[in-house]
Amino acid sequence: MFRADDYVKVESLGEAYELCKKRSSLVIGGMVWMKMTNVTKRTIVDLSGLGLDGIEETKDAFSIGCMCTLRQLETHEGLNRYFGGIFKECTRHIVGVQMRNCATVGGSVWGRFGFSDILTCLLALDAQVELYHEGILSLEEFAARPVRRDDRDILVRVIIRKDGRRAAYASQRNSQTDFPLIACCVSNLGRHWFVSVGARPGRARLARLVEDDFDTLPRLAAEAAGAFSYGTNMRGSGEYRHFLAETYTRRLMEQLRGRSVKRQ
Ligand SMILES: Cc1cc2nc3c(=O)[nH]c(=O)nc-3n(C[C@H](O)[C@H](O)[C@H](O)COP(=O)(O)OP(=O)(O)OC[C@H]3O[C@@H](n4cnc5c(N)ncnc54)[C@H](O)[C@@H]3O)c2cc1C
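None of these values were measured; they are calculated from a predicted model. (Residues numbered from 1 in each chain as written. Predicted model: local features only at pLDDT ≥ 70, side-chain atom pairs only at ≥ 80, totals over all residues. Heavy atoms only, no water.)

Considering the pairing of strand β5 (residues 61-65)
Then, in step 1: Most of β5 is tucked away, with five of its five residues classed as buried.
Then, in step 2: Neither face of β5 is open: one carries Ala61, Ser63 and Gly65, the other Phe62 and Ile64, and all of them are buried.
Then, in step 3: Pairing analysis gives three bridges linking strand β4 (residues 55-57) to β5, with the strands arranged antiparallel. By the bridge assignment, Glu56 is partnered in β5 with Ser63.
Then, in step 4: The hairpin formed by β4 and β5 contains three residues between the paired strands.
Then, in step 5: Alignment of β5 against strand β8 (residues 155-161), held across five bridges, turns out to be antiparallel. Along β8, the bridge assignment pairs Phe62 with Ile160. (Buried < 20%, exposed > 50% of the residue type's maximum accessible area, 1.4 Å probe, protein only. Helix = DSSP H or I, 4+ residues; strand = E, 2+ residues; numbered from the N terminus. Pairing = 2+ DSSP bridges.)

Here we look at helix α10 (residues 238-256)
Then, in step 1: When the terminal C-alpha atoms of α10 are compared, their 27 Å separation across 19 residues agrees well with the 27 Å that a helix rising 1.5 Å per residue should span.
Then, in step 2: Gly258 sits one or two residues past α10 and shows a positive phi near 75 degrees. (Expected span 1.5 Å × (residues − 1).)

Considerations on the packing of aromatic side chains
Then, in step 1: Within this structure, the stated rule accounts for ten aromatic pairs.
Then, in step 2: With centroids separated by 5.3 Å and ring planes inclined at 50 degrees, the aromatic side chains of Tyr17 and Tyr132 adopt a geometry described as tilted. Of the two residues, Tyr17 is situated in helix α1 (residues 13-20) and Tyr132 in the loop between β6 (128-131) and β7 (135-138); the sequence distance between them amounts to 115 residues.
Then, in step 3: Under the relative-accessibility criterion, Tyr17 is labelled buried at 13%.
Then, in step 4: Plain terms: the ring middles of Phe62 and Phe83 are 6.0 Å apart, the flat faces sit at 50 degrees to each other, and that makes the pair tilted. Within this pair, whereas Phe62 is found in strand β5, its partner Phe83 is found in the loop between α3 (77-82) and α4 (86-91), the two being separated by 21 residues in sequence.
Then, in step 5: Relative accessible area serves as the criterion here: at 1%, Phe83 is assigned to the buried category. (Phe/Tyr/Trp six-rings, centres within 6.5 Å; stacked < 30°, edge-to-face > 60°.)

Description of the environment of Leu209
Then, in step 1: Turning to its location among the elements, Leu209 is positioned in strand β12 (residues 205-210).
Then, in step 2: Judged by relative accessible area, which is 5%, Leu209 ranks as buried.
Then, in step 3: Separated by 14 residues in sequence, Leu209 and Glu223 have C-alpha atoms that sit 8.5 Å apart.
Then, in step 4: Ignoring any residue separated from it by four or fewer positions in sequence, one finds Leu209 in contact with Arg191, His192, Trp193, Val195, Leu220, Glu223 and Ala224. (Contact = heavy atoms within 4.5 Å.)

Quick notes on the domain arrangement of the chain
Then, in step 1: Taken as a whole, the chain is organised into domain 1 (3-45), domain 2 (55-161) and domain 3 (166-256).
Then, in step 2: Each of domain 1 and domain 3 has a C-alpha centre, and these two points are 35 Å apart. (Domains from an automatic or database assignment.)

Quick notes on the pattern of salt bridges
Then, in step 1: Tallied over the entire structure, the rule returns 23 salt bridges.
Then, in step 2: Here Asp117 makes a salt bridge to Arg173, at a shortest N to O gap of 2.7 Å. Residue Asp117 is found in helix α7 (residues 117-124), and its partner Arg173 is found in the loop between β9 (166-172) and β10 (182-189); the two are separated by 56 residues along the sequence. Pair check on accessibility: Asp117 and Arg173 agree, each one buried.
Then, in step 3: For Asp126, the salt bridge is made with Arg208, and the minimal N-O distance between the two is 3.0 Å. Within this pair, whereas Asp126 is found in the loop between α7 and β6, its partner Arg208 is found in strand β12, the two being separated by 82 residues in sequence.
Then, in step 4: Owing to a relative accessible area of 16%, Asp126 belongs among the buried residues under this scheme.
Then, in step 5: Taking the relative accessible area as the measure of exposure, Arg208 reaches 45% and is therefore partly exposed. (Salt bridge = Lys/Arg side-chain N within 4 Å of Asp/Glu carboxyl O.)

Description of the site of the ligand
Then, in step 1: With respect to spatial proximity, 34 residues lie near the ligand, and among them Val27, Gly30, Thr104, Ser108 and Asp117 are the closest.
Then, in step 2: The separation between an oxygen atom of the ligand and a polar main-chain atom of Met31 is 2.8 Å.
Then, in step 3: Against a free-state accessible area of 980 Å², the protein chains account for coverage of 92% of the ligand.
Then, in step 4: Mapping the ligand onto the cavity grids shows that it belongs to the largest pocket.
Then, in step 5: Broken down by element, the shell around the ligand gets its largest block of residues, four residues, from helix α6 (residues 105-111).
Then, in step 6: A class-by-class count of the residues in the shell around the ligand yields 23 nonpolar, seven polar and four charged. (Near = heavy atom within 4 Å. Polar contact = N/O pair within 3.5 Å; in protein donor to acceptor, adjacent residues only side chain to side chain. Areas by Shrake-Rupley, 256 points an atom, 1.4 Å probe, with all protein chains shown as cover. 1 Å grid on protein atoms, 1.4 Å probe; cavity = no way out; pocket = protein on both sides within 12 Å on 5 of 7 lines; lining within 4 Å. Sits in = over half its atoms within 2 Å of the grid points. Nonpolar A, V, L, I, M, F, W, Y, C, P; charged D, E, K, R; others polar.)

Structure follows, in structure tokens:
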């Protein structure tokens, strides 16, 4: 069981950062994941009073506050209109609405969980993260870093630029609300393809491909899926995951190109 002696609802990010410099303090999101752990902390730091629970849309970008819930991603009209409904698709299988009303974007991205649908989706959109201390960096770089206990920074928001890309998402689960067996997100901008695959079962990673005149979508999908490693666990074998990643990547590419999706 997760335990903490003290709870502080901070009034500024500066206050949160100062508190989090101590190893005995921990910033929390919705606490949905934390409550499943055996971690014991002196102080938990709550960011919910800082107005970071919204999704802002401007002419150039979407800015998603760290305390925004997964349910907000799922139901946000602007995000889903711009990105072809992928935020609904990548969240709708995560446990249930009540849980998605609590789990936050900050906790989901910071945690860099191998099974994360959210990380898989955001990676293919070439999103950026804003950290309080370090500033803005690409999600791809952030996601590649190990999750270290001594990293005391705070994830403030996720930024997705409106660069005109189209995107599609798919996951496969052994049962409706289980962790994914594989999660794939593909986006396309002209000749550029961005393919992220998560739940391999390792953490989502991104492959970037540039299409030439002789490429076919099956060949590109095979190249993208071949860029990752796959492992075996109780949900499925590495070989099966590789097959699924290639199949879903091809289908998503075909969907984005407006071709019929041929089932295998
Ligand atoms: C039973 C169960 C099933 C799940 N299934 C899925 C699934 O199928 N797909 C999927 O994508 N996800 C799944 N999740 C994960 C879930 O979607 C969230 O990602 C997870 O709960 C973390 O979000 P949270 O708000 O609860 O974070 P918390 O539990 O509060 O925090 C998680 C970690 O992030 C840190 N943190 C939180 N916010 C910040 C911040 N702003 N800055 C710095 N660090 C921060 C905390 O210190 C902690 O280390 C599942 C979770 C559970 C419990």
